[in-house]
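Architecture and fold: a report
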Amino acid sequence: MEQIRPFPPTDFIDQAEQEETIRLIPAPDLKQWAVKNYLTSDGQLYNPDHDHIAEILDNDETFLAFAWASSAAVSKKRMVLGQCEKVMFNVGGWKKARQEQQMRDWFGYIPVYLITIDASFCERANDREFCALIEHELYHIAVERDEDGDPICSNMTGLPKHYLGGHDVEEFVGVVKRWGANKDIKRLVEVANNPPFVSDLDISKCCGNCVIN
Ligand SMILES: [Zn+2]
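A brief structural summary. Within every chain, residues take consecutive numbers counted from 1 along the sequence as written. Per-residue local features of the predicted model are confined to residues with pLDDT of at least 70, and side-chain atom pairs are confined, for both listing and counting, to 80 or more; whole-chain, interface and lining totals are unaffected and use all residues. As a rule here, side-chain values cover all heavy atoms of the structure and leave hydrogens and water aside.

1. A few points about the sheet that holds strand β6 (residues 113–118)
By the convention used here, strands pair only if DSSP detects at least 2 bridges between them. What counts as a helix is a DSSP run of H or I of at least four residues, what counts as a strand is a run of E of at least two, and both are numbered from the N terminus. Taken in spatial order, the four strands line up as β1-β2-β6-β5 in an open sheet, and their pairing is mixed. Of all strands in the sheet, those bounded by a partner on one side alone are β1 (24–26) and β5 (82–86). The average angle at which neighbouring strand axes cross in this sheet is 25°, direction not considered. Of the pairings in the sheet, the one linking β5 to β6 comprises five bridges and is antiparallel in character. Every axis corresponds to a line fitted to the C-alpha atoms, with the helix fit spanning only the stretch in contact, and the corresponding angles, defined between N-to-C directions, vary from 0 to 180 degrees.

Here it is in structure tokens:
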């Protein structure tokens, strides 16, 4: 059964280029695809690390939403291709009402987490790059864990408690070069030296556009 990975609408990037701006649109198909492939136990890219997200989504669909951005954002002089944010409106009154209205108009609800993906990157990325980016953003939705590593659930809802998690490894190449690897980097090197869990074959089965190209 062939399954095509989601692509942004074709006129969307063109329109933004004509307007010389960045446009954003909701991407419900991207969410559907991510849930089906990463968060469902028989999905082609299923990863039990994200079970805590799936558990919430089973109870509350409004937990997560996806959007396309027409081009990369630039932050701290780096290109941002994907972003996961905890949706927060820090202001009151009409500003807050306006921002909430936009979320409702887009998704039909106000999501707890919003993942935005650069559509122009998606157009030129191969399946492996695209799948890795989606997974990267999903990993930012982190769950609080106890000393044994088990997810901590809220007393109120009985569901896992989430927070916006940072990266496992954050270091300059130059620091590692001069001072050596810390334990997080060593762990990364160890993992990088093993073959990846998800093979190219799995991804092509999942994305289908390998078959087309
Ligand atoms: Zn990140």
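2. Focus on the coordination of the zinc ion
For a metal bound by four donors in a tetrahedral arrangement, the ideal donor-metal-donor angle is 109.5 degrees, while six donors in an octahedral arrangement ideally sit at 90 or 180 degrees. The coordination sphere of the zinc ion contains the protein donors H136 (NE2), H140 (NE2) and H167 (NE2), at a distance range of 2.0 to 2.1 Å. Coordination shells were defined by N, O and S atoms within 2.8 Å of each metal, extended to 3.2 Å for Na, K and Ca; water is absent from the atom set, which can make sites look incomplete. Sequence positions of the donors to the zinc ion reduce to the motif H-x3-H-x26-H. On the criterion of sequence distance, the pair formed by H136 in helix α6 (residues 127–139) and H167 in the loop between β8 (162–164) and α7 (173–179) is long-range, its members being 31 residues apart. For each residue, the accessible area found with a 1.4 Å probe, counting protein chains only, is set against the maximum for its type, and the residue is called buried under 20%, exposed over 50%, and partly exposed in between. Taking the relative accessible area as the measure of exposure, H167 reaches 39% and is therefore partly exposed.

3. Things to note about the packing of helix α2 (residues 28–38) against α6
Where α2 contacts α6, the axes come no closer than 12 Å and their chain directions differ by 85°. On the basis of the axis angle, α2 is roughly perpendicular to α6. Listed contacts from α6 to L30, W33, A34 and Y38 of α2 are F130, C131, I134, E135 and L138. The classification used treats Ala, Val, Leu, Ile, Met, Phe, Trp, Tyr, Cys and Pro as nonpolar, Asp, Glu, Lys and Arg as charged, and all other residues, Gly among them, as polar. Split into classes, the residues belonging to the contact of α2 with α6 amount to eight nonpolar, no polar and one charged. Roughly parallel means an angle under 35 degrees; roughly antiparallel, over 145; roughly perpendicular, 65 to 115; everything else is oblique. Residue contacts follow a heavy-atom distance rule, with two residues in contact if any of their heavy atoms lie within 4.5 Å.

4. Section: the pairing of strand β2 (residues 64–69)
The buried fraction of β2 is high, at six of six residues. Alternating positions in β2 separate into two faces, L64, F66 and W68 on one and A65, A67 and A69 on the other, with burial throughout. Summarising the sheet, β1 and β2 pair through three bridges and their orientation is antiparallel. Paired with I25 across the bridge in β2 is W68.

5. With respect to the state of the cysteines
Cysteine sulfur atoms that pair up within 2.5 Å are treated as a disulfide. For the coordinates displayed, the defined rule picks out zero disulfides. Free of any disulfide, C84 has its nearest cysteine sulfur in C131, 17 Å distant. Overall, C84 belongs to the buried group, its relative accessible area being 9%. Of all cysteine sulfurs, the one in C84 lies closest to C153, which takes part in no disulfide; the gap is 19 Å.

6. Re the nonpolar core
The nonpolar side chains of soluble globular proteins are, as a tendency, buried together. Take the buried Ala, Val, Leu, Ile, Met, Phe, Trp, Tyr and Cys residues and link them wherever side-chain atoms come within 4.5 Å; each set so joined is a nonpolar core. Membership of the largest hydrophobic core comes to 33 residues, with the highest contact counts inside it found for L30, W33, Y38, L64, W68 and I134. Listing elements by their share of this core, those giving two or more residues are α1 (10–19), α2, α3 (51–59), β2, β6, α5 (119–124) and α6. Setting aside its immediate chain neighbours within four residues, I134 contacts L30, W33, A34, Y38 and I117. Listed in part, the eight residues of the second largest apolar core include A67, V87, M103 and Y109.

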